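These are the residues of each chain, in order.
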Protein chains: 2
Amino acid sequence: MNEFTNRVPDATIRRLSLYLRFLEDFERSGVTSVASGALAERGGTTAAQVRKDLSYLGSFGKRGLGYSVAELTGVLRGVLGLDTVWRVALLGAGRIGTALFEYEPFRARGFNITTVIDNDPRKVGTCLGDITIRGEDELEQALCQESIDLVIVAVPVPVAQALVERVVAVGVKAILNYAPTQLRLPDDVALRNVSMLVELEGLSYSLARSQR
Amino acid sequence: MNEFTNRVPDATIRRLSLYLRFLEDFERSGVTSVASGALAERGGTTAAQVRKDLSYLGSFGKRGLGYSVAELTGVLRGVLGLDTVWRVALLGAGRIGTALFEYEPFRARGFNITTVIDNDPRKVGTCLGDITIRGEDELEQALCQESIDLVIVAVPVPVAQALVERVVAVGVKAILNYAPTQLRLPDDVALRNVSMLVELEGLSYSLARSQR
């Protein structure tokens, strides 16, 4: 993986995730090699884009023969950090948090939620799956004890920023944010936002525009 | 809104959504005008980017005086299609679908879920909030009767593509997709994907990279 030292654009990383999903589908259907065009078609992009995206990973694939599904799947899993189990803490055991906790594909991908934190005293001490929910006062202790790599933020907006500052202070370097707010984090912390409203508003923009 | 006829890039639309959120915060705190720098700081971007994004909306804001919070809020709501109530159908009343249904900010933004469809016979006929869940065999009828503008897809991957083809066939032009798959749709249908896994994999990429 020596070739893979430059920063890859976020948009490429997102497409690599999708290509991996398609390759796994191909693998399940018994397909052993695919052309860039086949990946492009599934991904709604062009063969040239697929080749460019994959060129970040080094050079493989044979002209005219396409990519080995097994090889490319392995490379993508490695690049995307999916050959490791990541220890994940969930902040917020409300409706969104609970749905995330029970979302099976997270675990299947190696994202293992080992810690759940909530500030509701009626929830603290109760179980979510096999995890006992802990209070916010135990946040730092829990993150350290459990060697947490990644934190999922599913708390209300007014408390989100203060909580992630505590998370970052103990050294966590990756945050997945579901709170509909822009978190301010140090540059060395990776942040991804999943905003249902932002995507919905992209659609209402398109609808409104088509009616003008 | 005559100036606003060119296609605005998706990344700009996303930032406009965020700016609107920040402006609403400012409005609640009694702030009446803001400089591009203040929006940039909240959004983790630059003042030049903010000015460029807002330039798509036409020319307003006074050099040195900044933008009127009330005026810009109104313009953004209009551009993003948030001065209208959109009629929304939810496909899939599983855990994700139910969490979305009960997500209050959707309604507050004018996204009104009036139809819920599920293929589980134990769910059909039962209530989700004030909506009676209908079966998949009633899909087309429900979409037409309810004049649905936008469909949220929260069904398992294997059934997603076939269902959205039926949705598109009755003329729906906007799809918010939660199924972790790339839907193939006609060009005139707006599609946004909310993928929890893709964002998580972006983070595991960063984590894996920092450990190399």
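Residues numbered from 1 in each chain as written. Chains lettered and ligands numbered in written order. Predicted model: local features only at pLDDT ≥ 70, side-chain atom pairs only at ≥ 80, totals over all residues. Heavy atoms only, no water.

> Explain the overall build of chain A to me, using residue names and the numbers behind them.
Across its full length, chain A carries nine helices and nine strands. Seen through its principal axes, chain A has C-alpha atoms that stretch 60 × 50 × 35 Å. Scored against the burial criterion, the 212 residues of chain A give a buried share of 52%. Across chain A, contacts joining residues at least 24 apart in sequence account for 58% of those joining residues at least 6 apart. Carbon and sulfur atoms make up 50% of the accessible area of chain A, which totals about 9600 Å². Positive and negative side-chain charges in chain A, numbering 24 and 25 respectively, have mean positions lying 7 Å apart. (Helix = DSSP H or I, 4+ residues; strand = E, 2+ residues; numbered from the N terminus. Buried < 20%, exposed > 50% of the residue type's maximum accessible area, 1.4 Å probe, protein only. Contact = heavy atoms within 4.5 Å. Areas by Shrake-Rupley, 256 points an atom, 1.4 Å probe, with all protein chains shown as cover. Lys, Arg positive; Asp, Glu negative; His and termini not counted. Charge placed at Lys NZ, Arg CZ, Asp CG, Glu CD.)

> Requested: an account of empty space enclosed by the protein, with residues and values cited.
The gaps left among the atoms become clear once a water-sized probe is rolled over them. Scanning the entire structure with this criterion turns up one cavity of 30 Å³ or more. Here the largest cavity defines a volume of roughly 90 Å³. What lines the largest cavity is simply A:Ile96, A:Ala99, A:Leu100, A:Tyr178, A:Val194, A:Met196, B:Ile96, B:Ala99, B:Leu100, B:Tyr178, B:Val194 and B:Met196. Residue assignment for the lining of the largest cavity shows that the elements contributing at least two residues are helix H5 (95–101) of chain A together with helix H5 (95–101) of chain B. Among the residues making up the lining of the largest cavity, the classes are represented as 12 nonpolar, no polar and no charged. (1 Å grid on protein atoms, 1.4 Å probe; cavity = no way out; pocket = protein on both sides within 12 Å on 5 of 7 lines; lining within 4 Å. Points joined across faces, edges and corners; volume = space filled by probe spheres on them. Nonpolar A, V, L, I, M, F, W, Y, C, P; charged D, E, K, R; others polar.)

> Now, about the domain arrangement of chain A: what can you tell me, with residues and values included?
For an interface, size is often stated in terms of accessible area lost upon the parts coming together. For chain A, the assigned domains read domain 1 (10–79) and domain 2 (86–198). Measuring from the centre of the C-alpha atoms in domain 1 of chain A to the corresponding centre in domain 2 of chain A gives 31 Å. (Domains from an automatic or database assignment.)

> Please provide a residue-by-residue account of the sheet that holds strand S9 (residues 190–193) of chain A, values included.
Adjacent strands of a sheet form backbone hydrogen bonds with each other and so pair up, either parallel or antiparallel. The parallel open sheet is built from five strands, whose spatial order is S4-S3-S7-S8-S9 (chain A). Every interior strand has two partners, whereas the edge strands, strand S4 (111–117) and S9 of chain A, have only one. Across the sheet, the mean angle separating the axes of adjacent strands is 20° when strand polarity is ignored. As judged from the three bridges shared by strand S7 (residues 150–153) of chain A and strand S8 (residues 174–177) of chain A, these two strands associate in the parallel manner. By the bridge assignment for S8(A), A:Val153 is matched with A:Asn177. With respect to the sheet, helix H8 (residues 157–169) of chain A is in contact with strand S3 (86–91), S7 and S8 of chain A, its orientation differing from that of S7(A) by roughly 170°. On the sheet, helix H9 (residues 196–211) of chain B packs against S3, S4, S7, S8 and S9 of chain A and is oriented at approximately 175° with respect to S9(A). (Pairing = 2+ DSSP bridges. Axes fitted to C-alpha atoms, helices over the stretch in contact; angles between N-to-C directions.)

> Break down the environment of B:Ile117 for me, with residues and values.
All names here are of chain B. Its location among the elements puts Ile-117 in strand S4 (residues 111–117). Overall, Ile-117 belongs to the buried group, its relative accessible area being 2%. Taking the C-alpha atoms as reference, Ile-117 lies 13 Å from Glu-146; in sequence the two are 29 residues apart. Setting aside anything within four residues of it in sequence, one finds Ile-117 in contact with Leu-90, Leu-91, Gly-92, Ala-93, Ile-133, Arg-134, Gly-135, Glu-136, Leu-139 and Ala-142.

> Can you lay out the relation of the copies chain A and chain B for me, pointing to particular residues and giving the numbers?
When chain A is fitted to chain B, the residual RMSD is 0.0 Å, and the transformation amounts to a turn of 180° plus an axial shift of 0.0 Å. The two molecules are tied by a two-fold rotation axis, judged by turn and shift. Most of the interface of chain A is mirrored in chain B: 100% of its interface residues are interface residues there too. (Least-squares fit on C-alpha atoms with pLDDT ≥ 70 in both.)

> Residues and numbers for the pairing of strand S8 (residues 174–177) of chain B, please.
Residues and elements named next belong to chain B. By the alternation rule, side chains of S8 split into Ala-174 and Leu-176 and Ile-175 and Asn-177, which are all buried. Read as a crossover between parallel neighbours, the route from strand S7 (residues 150–153) over helix H8 (residues 157–169) to S8 is right-handed. The sheet contact formed by S8 and strand S9 (residues 190–193) spans four bridges and is parallel. Bridge pairing in S9 links Ile-175 to Leu-191. (Right-handed = clockwise from strand over helix to strand, strands pointing away.)

> Could you give an account of unusual backbone geometry, with specific residues and numbers?
Residue and element names in this part refer to chain A. The phi torsion at Ser-147 lies on the positive side, around 50°, for a residue other than glycine. Within the secondary structure layout, Ser-147 lies in the loop between helix H7 (139–145) and S7. Overall, the relative accessible area of 46% leaves Ser-147 in the partly exposed class.

> Would you mind going over the packing of aromatic side chains in detail, with residue names and values included?
All names here are of chain A. Taken as a whole, this structure holds two aromatic pairs over all chains when the rule is applied. Judged by centre distance (5.1 Å) and plane angle (80°), the ring pair of Tyr-103 and Phe-106 falls under edge-to-face. Its relative accessible area of 3% is what places Phe-106 among the buried residues. The positively charged end of Arg-107 is found above the aromatic ring belonging to Phe-101, 4.9 Å away from the centroid. (Phe/Tyr/Trp six-rings, centres within 6.5 Å; stacked < 30°, edge-to-face > 60°. Lys NZ or Arg CZ within 6 Å of the ring centre and 35° of its normal.)

> Now, about the side chain of B:Glu136: what can you tell me, with residues and values included?
Residues and elements named next belong to chain B. Examined against the element boundaries, Glu-136 turns out to sit in the loop between strand S6 (131–132) and helix H7 (139–145). Buried Glu-136, no salt bridge; nearest opposite-charge side chain is Arg-166, N-O distance 4.6 Å. Sequence-distant contacts of Glu-136, defined by excluding residues within four places in its chain, comprise Ile-117, Asp-118, Asn-119, Leu-163 and Arg-166. (Salt bridge = Lys/Arg side-chain N within 4 Å of Asp/Glu carboxyl O.)

> Account for helix H4 (residues 69–79) of chain A, with residues named and values stated.
If you check which residues of H4(A) are buried, you get A:Val69, A:Leu72, A:Thr73, A:Val75, A:Leu76, A:Gly78 and A:Val79. In this structure, the buried side of H4(A) is in contact with helix H1 (10–28), strand S1 (33–34), helix H2 (36–43), helix H3 (47–55) and strand S2 (67–68) of chain A together with H9 of chain B.

> Kindly report on the nonpolar core, identifying the contributing residues and their values.
Formed by 110 residues in total, the largest nonpolar core has its most connected members in A:Phe106, A:Ile152, B:Phe106, B:Leu150 and B:Ile152. Beyond its immediate sequence surroundings of up to four residues, B:Phe106 is in contact with A:Met196, A:Leu197, A:Leu200, B:Leu100, B:Phe111, B:Ile152 and B:Tyr178. Among the nonpolar cores identified, the runner-up in size contains 21 residues, and A:Val164, A:Val172, A:Ile175 and A:Val189 belong to it. (Core = buried A, V, L, I, M, F, W, Y, C linked by side-chain atoms within 4.5 Å.)

> Just give me the short version of the interface of chain A and chain B, but keep the residues and values in it.
Taken together, the contact between chain A and chain B spans 62 residues of the former and 62 residues of the latter. Summed over both partners, the interface of chain A with chain B comes to about 5800 Å²; 66% of that surface belongs to carbon and sulfur atoms. Where chain A packs against chain B, one counts eight salt bridges. The element best represented in the side of chain A that touches chain B is helix H9 (residues 196–210) of chain A, accounting for 14 residues. Residue composition of the side of chain A that touches chain B, grouped by class: 34 nonpolar, 13 polar and 15 charged. (Buried area = accessible area lost by both parts, 1.4 Å probe.)

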